[in-house]
Structures are given as structure tokens and as C-alpha cells.
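# Summary of structural features
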Amino acid sequence: MRVIIVGGSIAGLSLAHCLEKANIDFVLLEKKKEIAPQEGASIGIMPNGGRILEQVGLYNRIEELIEPLVKAHVTYPDGFHFTSRYPALLQQRFGYPLAFLDRQKLLQILAAEPIQSSRVKLDHKVESIETSVDGVTVTTSNGCTYQGNLVVGADGVHSRVRAEMWRLANASHENIFRSEDKVFTINYACIFGISSQVDQLDGGEQITCYNDGWSILSVIGQNGRIFWFLFIKLEKEYVYDGSHESLPRFSRADARAHCERLAQEPVWKEVKFGQIWARCEVFQMTPLEEGLLGKWHWKNIICIGDSMHKFAPHIGQGANCAIEDAAQLSNRLHTWLYSYQKDYQPTTDDLSKVLARFVEDRLRRLGPTAMAARSAMRLHAREGLINRIRGRYLLPYAGDKPADWASRGIAGGNILDFVKPPARSGPGWIQFSQSVWSICLAAVSRHADGDPAPLDWVFGRAALAFMYTYMLSGAGMVWNDWIDRDIDAQVARTKNRPLASGRLSTRTALIWMMVQYGASVWLMDRMLSGQNLWTFMLPLTTGILLYPFGKRPTSRKLGIYPQYILGASSALTILPAWASVYEDSISLKELGMSCLPLCVFLFLWTIYFNTAYSYQDIKDDCKLNVNSSYVLAGSRVRGMLLLQALAVVLVIPWILHTSGSAWLWFSWLGVWTASLGEQLYLFDVKDPSSGGKVHRRNFALGIWNVLACSVELLLVSGFP
């Protein structure tokens, strides 16, 4: 098989490296005479892009050119500012730093090996593409023709391949690309540039200046080099349909006028934007297209990267998602080709099916990313009352929430399946793929009852379950932190929490708690289709309200420990999940009996891992007389954890005894037994921090159950 890649930027060069690893032949056509011109742009490599680049052997060279980000500062028009360590937290979670460097430097690294192999053709502008049953032919402006089995358009937002794909589909009278499938919107413009070092701005820091109708994002890189972006809200919305006539146009004079107008605006400390502008080495102004197109391919032509998804730069995922595109397309092609003999010649129809599955993969991944990027740009520019309130009165007091939001986007990324995973890692790749396995088990049970539910409907229910539990947990954490704020202030691990440290007022915290609680009620109501909402929500709410009071000495006298309350609350989440799948075909009594083994399992498991987790604070808790389940064991905490782990393992056969699935018996009983044994080995009574290690491994077990139960659901449903 031969792939013709059009476009020698991030997506195209990343695809070249991935195809090389897959032993798939390719040629890359680039219209420019130089592969890496200096255009004033910078690029951010997030952990999800970084680990793919490490798989193809390039990340170490990138790391030599960066200053890892460790802090993020945010400023507001009223002079208020705050600092977050979320960049350092992301590196701790995923093993990779947030890395910024010249786009030119990254392109030089990506292009070095493909150019040496003579498979990169510069000054080759694509003029036309023609398809046939046997393959595809590409003709360039210098009269060259290239034949292959697949054309991949990695040629950016103004893609020539995309235009040719639309032309060919229309010429064949296949009405698959509707006008609404071919549209990006433009509401903002960006002036981006690179400046030399400015005193008072330290390397490894990110500075975001929120303002009304505009914002500035600056990243201080290696040797104090400043990569900056000035975002400006346009007076009207433009619609870009692929024609240059629909684009707003900006000159260098326009860019200078905007920068000089904002020269006296503060950036950080005593530094004003004019000082950064005065040291500018290179800059450009461009419209910011936004959009995620729904149809990426036609026959043996496909587009990836900015030609299909264009995001605002604020969350740093544009280039990283293009790298993911390259990896996932290579995964699909590699799996498909290597299931046949070496002399197999792929047909257009077969290839089109493979491409369709690839597009499904990417659309599932990119939908939330597009929404997050769109939201972030409007948040920074304080567009509308809600964004003003969110940005000024909620975000500064959100603690680690920004890192959590970014973590979920990072953790969802793919890698090259046929290449050894990178050695470096972190718990975040697993921790932030949240568990909704009870939904999948309920769907498996319903299938066994002879009433199978559609897969997309089941996974939609699972998504709602995840969202409502996330919001309800968030509300519960705010409530817990408010009730325990005086205790937390005296505990080393928790003294820097927003309420305990005084950084967050009670009023703001309680408003945020009610917002999250209200969202969780609405989401559960959607999940349950409006049936029996408060039957399930009231007990959960009661558990959340009671949990912090379980830590008081009075509760110990009553034989109540906070882990019992938390375990009961966790177990109760099984009931609405199961009810959402069976809907009104099962009574509440039958629901309780069906869910009893799972509820007992979750109750015992929660007690086990939260006992280990709370043990981290044993020294401070003893001084403060805080109640916790490990108090029952005295010095025999390891023995208590052993008994709790055995109880968890013994309940699993009760759950699975009616299941004939060898996969579930292995993936649940086998894997859990091995993991719990390892956790007990790791736990050290003399080292309270080992309780945190045990807790993190239980996040991994929860994610493993998501995967195991999802696989079981697919198996019983006969997928694919």
C-alpha cells in the first residue's frame, strides 16, 4: 500500500513518522519551497501529543528546547490576580511537561528524517486529484504525478485536498457533503508573536490576561523567550466555507495598531504589554477559524488535522489532536493491512470502510475538545455575563479543578497501538477516565433477559451517569471542605485547600456547591427519563450531608465511621444507573435485589480504599482526634486492610455466579485479586504516604472495570 500525504506541517509530518513505524509506504507533497519557515508561530506540546512523539523517537529532542511550565498566572481588569500550579500538577499526573517552543523548531525536528529519506517533495503544490477503483492519482503544479492507494489531506484549514474531495463527490452526484458540513465560523482574530526576554518574567510560567473583548496569553520559554498571543473579538461573525473570499483579511499595519493600542495594559507584576511588544522579533495576525466537520472522507481520500477540526489555541490541543489523528489513522491502517497477506492490494471500497471507522473514533474524541476550546476563548475575553462571573468569581477559587478539566482531555488521547508504549507515564492516564461500569453490567443483564438495548443508547446513559456523579461528587467535596475547614487548616495535606487557607469565601463556595448540585439533579433526571428522581437523589444527598460529621468523636462513640457513610453513598449510585437501563420494566424491589451484590461490593471496596487513603493523615488526625476506620485496628492496620480486601474479593463471585462469561471472571476476579495483593504488599504502616499509593491503584481498578464491562457488553451484543 502507498499513502500520498499532502501537507508538510504538524499533521502530515507526524503521519509520515507513524506510517514509517507501521511499515507503510508513503510520499509527502509540500507546496512550500522550505519545510520550516519562520512565521512567528509557537506550538504547545501537551502530554497526549508528547507520548506519541516519544513513541516515534522524537520527544527527547523536543525536550532539549523547552522550559517545562510549572506555574500559571491569571490577571483581571480590576487588578485582581491569582497563581495556579496546574502545569506542574499535569506533569506529575502524566509524566510529561507542558512544552512550548518555536513551531519552526518542531517542524525541523519532524522533517529531518523524512527529508533525508527523499520521501518529502518540496515545491509540489497539488493541482488535482483523480480516483479510480484501483487507487488515486495526484497531479502537482510542476507537472509531476503520483499514484497511490490513499490520499491524506494534512494541508491545513485552507486545504486543497478537502476542496478536491468535495469537487469529486459533487461530480459523482453523491450528496454526502451538505453546505452545513463544510463550514467554519470566525468570531475572533489572533496576533501571535515571539519576543526576546523581558525582566521580571520568569521561564516556565504562563500568564493569561482576562479582559473585555480581548485577552493575552503569554508563555515564557527557554532563555526567557516569550511566546505570546493577543486575541481580539471581532465585530461580527464570519462564515468560512473554504473560499478565500469569505475570510476577513488583516495586514501587518492592523496588527501593529492593535498592539500599540494595548501597549499600556498590564501583563504581570510591573510588566506592560508594550514591553513585550517592543522586544518582538516576529509576528502575524490571522482570523481564528472554529469548527469540527462531521465528514472527513470520500472513497480513498481523507483529511486530518486543521482541515477537519480547527480549535482556539487556549487549551493547547490543536496540534496535539492533529498528532493523535496521525497515530489513530496509522493504527486503523496497520490493523487492517496486517490482517491480510503481504501481496494484498486494497480496494477503494474496503479502504473507505476503514476510513469511516477512523472518523468515528476521532469524532467521539474531538467533540468535547472543540467545546472546551470554544468555551475557553470566550471565558478569557469575558464574553457575556456568565463568563464574567465564571472567570472572576469561580475560577480563582476552583483549586485543582482546572488541572482536572485539562486532565480529562489529555487522558482521552490515543497512542500507536503497534509500538511499545512510552516508558514514562503517570497515574492521570487512568485516574481521569472515570468509572461507569455499572451501566454496562446492567445492559449485559438486560441482554441476558432477552431485551437487548442499542449500544449507542447504553453508552449515552453511561455518559449521563458519569456527568451526574462527577457534579454530585464536586458538590459533596465543597460541602465536606466547608464543614471541615477548621480541621483541614491544621492537617499538612489539606491546609492549602481553598476554604481551609481562606482563599475562598464561604458564600462563593456554597454558590458553587449549589450550582454543581443543581446540575447533578438535572443530569440524573435526564438519565432516568424523569422517573423516580428523588427516590434515588434523596438518599445520596443525605449521605453527602452526613459524611463530614462521621469524622467527629461523637460518631465514634456511636460506632459510625466516615468510611461507612461514604461506602453507603457510593453503593447507592448503582441503583439509579441500573434503573436508567431497565427503565420502567423493573420494580424498585426487583431493582434492589438485582443490585444487592454490586452494592455490597461497592460498599466494601469504598471502605477499603478510603481507609488506606485517610491513613495518610494519621499523625495529624490523632492530634486532632479525628474519627476514621483505621482507629478500630490500632497498630494492626495492615491486617484490617487484608480483611477488607478479602471481603471485596469474596463478593465478586456473588456478582458473577450467574454469568457464563470467562472474560468477566478473568478480568474482574483475576485482575482484582492480583492488584489487591500488590496493594497490600505496597502498604507500609510506618509510611503513611503509602496509603496514597494504594488509593491511586484503586483508581486504576475502577478504570479497568469500565474497559472490562464495556468489552463484555460489546461481546454479548455481537459487535462489530
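The model shown is predicted, which means the values in this text are computed figures rather than measured ones. (Residues numbered from 1 in each chain as written. Predicted model: local features only at pLDDT ≥ 70, side-chain atom pairs only at ≥ 80, totals over all residues. Heavy atoms only, no water.)

### Comments concerning the overall build of the chain
The secondary structure content of the chain amounts to 27 helices and 21 strands. The C-alpha radius of gyration of the chain comes to 27 Å, within 12% of the 27 Å expected for a compact globule of 720 residues. In terms of overall dimensions, the chain has a C-alpha envelope of 85 × 65 × 45 Å along the principal axes. Going through the 720 residues of the chain one by one, you find that 54% of them count as buried. (Helix = DSSP H or I, 4+ residues; strand = E, 2+ residues; numbered from the N terminus. Rg over C-alpha atoms; globule rule 2.2 N^0.38 Å. Buried < 20%, exposed > 50% of the residue type's maximum accessible area, 1.4 Å probe, protein only.)

### What about the environment of I511?
Of note, I511 is situated in helix α18 (residues 506-527). For the pair I511 and I483, spaced 28 residues apart in sequence, the C-alpha to C-alpha distance is 15 Å.

### Here's the deal with the packing of aromatic side chains
The tally for this structure, following the rule as stated, stands at 22 aromatic pairs. Taking 5.1 Å as the distance between ring centres and 65° as the angle between the ring planes, the aromatic pair formed by W277 and F283 counts as edge-to-face. An aromatic cluster is present here, built from F601, W605, F609, W668 and W672 joined pairwise through their rings. Of note, R392 hangs over the ring of Y76, and the distance from its end group to the ring centre comes to 5.6 Å. (Phe/Tyr/Trp six-rings, centres within 6.5 Å; stacked < 30°, edge-to-face > 60°. Lys NZ or Arg CZ within 6 Å of the ring centre and 35° of its normal.)

### Here we look at the UniProt feature "domain: FAD-binding" (unreviewed entry) in the chain
Mapped onto the present numbering, the UniProt feature "domain: FAD-binding" (unreviewed entry) falls at residues 2-165 and 283-334. Within residues 283-334, the helical portion is 33% and the strand portion 33%, while the C-alpha atoms at the span's ends are 40 Å from each other. (UniProt positions renumbered as here; feature names shortened; annotations may be inferred.)

### Considering unusual backbone geometry
Excluding glycine, residues mostly carry a negative phi; peptide bonds, for their part, are mostly trans. The phi angle at N223 is positive, at roughly 60°, despite the residue not being glycine. Within the secondary structure layout, N223 lies in the loop between β14 (214-220) and β15 (226-240). Classification of N223 by relative accessible area gives exposed; the value is 66%. Even without being glycine, R382 reaches a positive phi, approximately 50°.

### Considering the pattern of salt bridges
Inspection of every chain in the model, using the stated rule, returns 25 salt bridges. In this structure, E324 and R365 form a salt bridge, with 2.7 Å as the shortest nitrogen-oxygen distance. Here E324 is found in helix α9 (residues 318-337), whereas its partner R365 is found in helix α10 (residues 348-380), with 41 residues between them in sequence. Of the residues examined, R365 reaches a relative accessible area of 11% and is grouped as buried. Between D488 and R497 there is a salt bridge whose closest N-O contact spans 3.4 Å. On the accessibility criterion, D488 (7% relative accessible area) is buried. Judged by its relative accessible area of 23%, R497 is partly exposed. (Salt bridge = Lys/Arg side-chain N within 4 Å of Asp/Glu carboxyl O.)

### A short note on the confidence of the model for the chain
The predicted model of the chain averages 87 in pLDDT, with 94% of residues at 70 or higher. Note that residues 430-435 has pLDDT below 50 and, in this model, 17 contacts with residues that lie over four places away or in other chains. (pLDDT = per-residue confidence, 0-100. Contact = heavy atoms within 4.5 Å.)

### Here's the deal with the side chain of S9
When you line up the elements, S9 lands in the loop between β1 (2-6) and α1 (10-21). In terms of polar contacts, S9 uses its side chain to reach the side chain of R103, at 2.4 Å. Excluding residues within four positions of it along the chain, S9 makes contact with S14, E30, R103 and L107. (Polar contact = N/O pair within 3.5 Å; in protein donor to acceptor, adjacent residues only side chain to side chain.)

### Observations concerning the pairing of strand β11 (residues 150-153)
By the alternation rule, side chains of β11 split into L150 and V152 and V151 and G153, which are all buried. Both β1 and β11 contribute to a ladder of four bridges, which runs parallel. The residue bridging V3 from the neighbouring strand is L150, located in β11. (Pairing = 2+ DSSP bridges.)

### Quick notes on the UniProt feature "transmembrane region" (unreviewed entry) in the chain
The positions that UniProt labels "transmembrane region" (unreviewed entry) are, in the present scheme, residues 462-483, 504-524, 530-549, 561-579, 591-609, 639-656, 662-683 and 699-719. Secondary structure over residues 639-656 splits into 100% helix and 0% strand, and the C-alpha atoms at its two ends are 27 Å apart. From the first C-alpha to the last, residues 662-683 spans 31 Å; its make-up is 95% helix and 0% strand.

### Regarding the domain arrangement of the chain
The domain architecture assigned to the chain consists of domain 1 (2-412) and domain 2 (438-714). The distance between the C-alpha centroids of domain 1 and domain 2 comes to 38 Å. Counting residues at the interface gives nine residues for domain 1 and nine residues for domain 2. On the domain 1 side of the interface with domain 2, the three residues burying the most area are L394, Y397 and K401, jointly 62% of the side's total. (Domains from an automatic or database assignment. Buried area = accessible area lost by both parts, 1.4 Å probe.)

### Quick word on the side chain of S330
In this fold, S330 is placed in helix α9. Residue class for S330 comes out buried when judged on its relative accessible area of 0%. Engagement of the side chain of S330 in a polar contact is seen with the backbone oxygen of A326, the distance being 2.8 Å. Once residues within four sequence positions are removed from consideration, S330 is found in contact with L15, C18, L19, L416 and F418.

### Remarks on the packing of helix α15 (residues 455-483) against helix α19 (residues 533-546)
Remark: α15 packs on α19, axes separated minimally by 9 Å, with the N-to-C direction vectors making an angle of 30°. Classified by the angle between their axes, α15 and α19 sit roughly parallel to one another. At the point where α15 passes α19, the crossing takes the right-handed sense. Here Y468, L472, G476 and W479 of α15 lie close against α19, whose contacting residues are M537, L540, I544 and L545. (Axes fitted to C-alpha atoms, helices over the stretch in contact; angles between N-to-C directions. Parallel < 35°, antiparallel > 145°, perpendicular 65-115°, else oblique. Left-handed = near helix turned anticlockwise from the far one by under 90°.)

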